[in-house]
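Descriptive structure summary
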Amino acid sequence: MTQSIVSREARIRRALEHLRGQTTDEYDEVTPFGPAEFTDPAVAARERDRVFGRVPSIVAHGSELPRAGDFVTLQLPRNRVIVARQRDGGVKAFVNLCRHRGALLEDQEKGRCRLFSCQYHRWSYDLDGSLRTITLDSTFGEVDRSGLGLVELPCEERHGFVWVIDNAEATDIDVAAWLGPEMDGILGEYDLGGHLCFQAEGFDEPVNWKIMQDAFLDGYHVQYAHPNTAGLHIHTNVMAFEDFGRHCRFVVPRKSIDRWLDEDPGDTPLGRYVTETHFLLPNSTLLRQPDHFELLTFRPHPTDPDRSRMEMRLIVRDVAESGLDEQKWRSRWEKNWKILLAVLHAEDFPLLRASQAGLASADAGGMVLGRNEVANQVFHREIGRLLS
Ligand code: FES
Ligand SMILES: [Fe+2]
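This one's a predicted model, so the numbers in the text were calculated from it and none came from an experiment.

The helix and strand inventory of the protein chain stands at 10 helices and 20 strands. Looking at the protein chain as a whole, 51% of its 388 residues are labelled buried. Residue pairs at least 24 apart in sequence account for 64% of intrachain contacts in the protein chain once pairs closer than 6 positions are excluded. Entry remark: accessible area of the protein chain is about 17,900 Å², with carbon and sulfur atoms responsible for 49%.

This part takes up the domain arrangement of the protein chain. A common measure of how large an interface is: the accessible area buried when the components associate. The domain architecture assigned to the protein chain consists of domain 1 (2-55 + 175-387) and domain 2 (57-173). Just the C-alpha atoms count here: the centres of domain 1 and domain 2 sit 31 Å apart. Every contact between the two is made by 31 residues of domain 1 and, on the other side, 24 residues of domain 2. The junction of domain 1 with domain 2 conceals about 2,200 Å² of combined surface from both sides, 62% of it contributed by carbon and sulfur atoms. Inspection of the domain 1/domain 2 interface yields 3 salt bridges. Residue Asp184 pairs with Arg158 through a salt bridge whose shortest N-O separation is 2.8 Å. For the pair domain 1 and domain 2, the interface holds 11 residue pairs in polar contact (both at pLDDT 80 or more). Only helix H2 (41-52), helix H4 (175-189), strand S13 (196-205), strand S17 (284-289), strand S18 (292-300) and strand S19 (308-316) provide two or more residues apiece to the side of domain 1 that touches domain 2. The element best represented in the side of domain 1 that touches domain 2 is H4, accounting for 6 residues.

Relative to the helices and strands, Thr297 resides in strand S18. By relative accessible area, which is 0% here, Thr297 ends up buried. Here the side chain of Thr297 touches Ser284 through a polar contact of 3.3 Å, side chain to side chain. Excluding anything up to four places from it in sequence, Thr297 contacts Ile58, Asn283, Ser284, Arg309, Met310 and Glu311.

Attention now goes to the coordination of the iron ion (ligand 2). Around the iron ion (ligand 2), the protein supplies His221 (NE2), His226 (NE2) and Asp348 (OD) as donor atoms, at distances of 2.1 Å. Donor residues for the iron ion (ligand 2) sit on one chain with the sequence pattern H-x4-H-x121-D. Here Asp348 lies in helix H9 (residues 326-359) and His226 lies in the loop between helix H6 (222-225) and helix H7 (230-233), a separation of 122 residues in the sequence.

On to the environment of Gly202. Along the chain, the position of Gly202 falls in strand S13. With a relative accessible area of 25%, Gly202 lands in the partly exposed category. Spatially, the C-alpha atom of Gly202 lies 15 Å from that of Val81, the residues being 121 residues apart in sequence. Gly202 has contacts with Arg309, Met310 and Glu311, leaving out every residue within four places of it along the chain.

Let's shift gears to the sheet that holds strand S11 (residues 155-158). Spatially, S2-S12-S11 is the arrangement adopted by the 3 strands of the open sheet, whose pairing is antiparallel. Because the sheet does not close on itself, it has two edges, and the strands there are strand S2 (57-61) and S11. On average, each strand axis in the sheet is tilted by 30° relative to the strand beside it, whichever way the strands run. Of the strand pairs in this sheet, S11 and strand S12 (residues 161-164) are connected by 4 bridges, and their pairing is antiparallel. Its bridge partner lying in S12, Cys155 is registered against Val164. Of the strands in this sheet, S11 and S12 touch H4, which is tilted by about 25° from S11.

Before going further, it helps to examine a negative patch on the surface. A contiguous patch of negative charge on the surface is contributed by Asp262, Glu263, Asp264 and Asp267. Note on placement: Asp267 falls in the loop between strand S15 (248-253) and strand S16 (274-280). Relative accessible area serves as the criterion here: at 78%, Asp267 is assigned to the exposed category.

Looking now at the nonpolar core. Counting 50 residues, the largest nonpolar core has Phe216, Met310 and Met312 as the members making the most contacts within it. Within the residue set of this core, elements represented by two or more residues are H2, S13, helix H5 (209-215), S15, S18, S19, H9 and helix H10 (374-387). Contact partners of Met310, with chain neighbours within four places excluded, come to Glu201, Gly202, Phe203, Met212, Phe216, Leu296, Thr297, Phe298, Leu344 and Phe349.

For the structure on display, the rule yields 33 salt bridges. One salt bridge in this structure joins Glu276 and Arg8, with 2.3 Å as the shortest N-O distance. On the criterion of sequence distance, the pair formed by Glu276 in strand S16 and Arg8 in helix H1 (residues 2-21) is long-range, its members being 268 residues apart. The class for Glu276 is buried, based on a relative accessible area of 0%. Under the relative-accessibility criterion, Arg8 is labelled buried at 12%. Linking Glu276 and Arg11 is a salt bridge whose minimum nitrogen-to-oxygen distance equals 2.3 Å. Within this pair, whereas Glu276 is found in strand S16, its partner Arg11 is found in helix H1, the two being separated by 265 residues in sequence.

The rules behind the values
Residues numbered from 1 in each chain as written. Chains lettered and ligands numbered in written order. Predicted model: local features only at pLDDT ≥ 70, side-chain atom pairs only at ≥ 80, totals over all residues. Heavy atoms only, no water. Helix = DSSP H or I, 4+ residues; strand = E, 2+ residues; numbered from the N terminus. Buried < 20%, exposed > 50% of the residue type's maximum accessible area, 1.4 Å probe, protein only. Contact = heavy atoms within 4.5 Å. Areas by Shrake-Rupley, 256 points an atom, 1.4 Å probe, with all protein chains shown as cover. Domains from an automatic or database assignment. Buried area = accessible area lost by both parts, 1.4 Å probe. Salt bridge = Lys/Arg side-chain N within 4 Å of Asp/Glu carboxyl O. Polar contact = N/O pair within 3.5 Å; in protein donor to acceptor, adjacent residues only side chain to side chain. Donors = N, O, S within 2.8 Å, 3.2 Å for Na, K, Ca; no water. Pairing = 2+ DSSP bridges. Axes fitted to C-alpha atoms, helices over the stretch in contact; angles between N-to-C directions. Patch = residues over 30% accessible without salt bridge, like charges linked within 9 Å, V, L, I, M, F, W, Y side chains within 5 Å. Lys, Arg positive; Asp, Glu negative; His and termini not counted. Charge placed at Lys NZ, Arg CZ, Asp CG, Glu CD. Core = buried A, V, L, I, M, F, W, Y, C linked by side-chain atoms within 4.5 Å.

Printed below as a string of structure tokens:
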């Protein structure tokens, strides 16, 4: 714990030095890339199988399904999925499809139930996915019930989040191994499981998921794309960065740190003057703000390279631990949520939609990532590795 606090303060001081010298941490070289990565259906199919079909990614925060029988449904790149809280407190993920004749089993986005009951011929399944009843079974005929449970996907809850590998054939999920010792240790210190998902919302956008993910690892655009919002509070093109191989994180100074530009902060803790961004390969940005977290997740559409779904989650301390009364606590985070939404809808999304439209140009040229775009470099490098 102490070790990481020291190193965090050291990283913040490195960011402050960068700010003073108008420098930033940099990658070794610029990296060229092409428009087909965002438009080619063959690339999109490989990503679904080799990225999402192979590695864990976050589908929910555990507090979104606190009690046995709570469930959420979602479209993953390869499967439509139900995630359900079990009676033993664990979580399981299933393909959202009835094994009789393939009806969509659960059409609600979220809810609570004792069993899953199909609307077509009323077969039912237990929370653990096992087939419970075959309607009018004396007439239906003999079948092996144990082979007709819901198809299960590897699923694990860790660091407060529910992670799924979008592939029933995948070998067992091991989130700690996927995160690696550094990122697993970092997330462990945050006690994300002791937090609450105050609000979660999904946005279906006509934009490739990597265009979206790139924009939320980008410290280079802030004052240009967000001059009157985020750009007022956060410095542009200044990062103290760490590359963990798959995942990475970087500290970006907020403008409130400027009071220390000319003055030596000594031992003053500087955590309140920065935002820390974590990239969790393959598709999430976890923002650590001074008093809360935001999780941004980007998922490809199941068939169309030009579409994706972004999910945003505001993750905060429970009211009981906040020192605020319920009313103040609620209005504070509601206000925070509205600000986040406004920037997304008014500033990021229009820019990214237009970017995707432009990439469809028959003669779109090659493009390039700068040395200063460190987290984007890691994202492109690691997706390339998973695909190769
Ligand atoms: S398709 Fe579900 S019960 Fe027939
Ligand atoms: Fe942005």
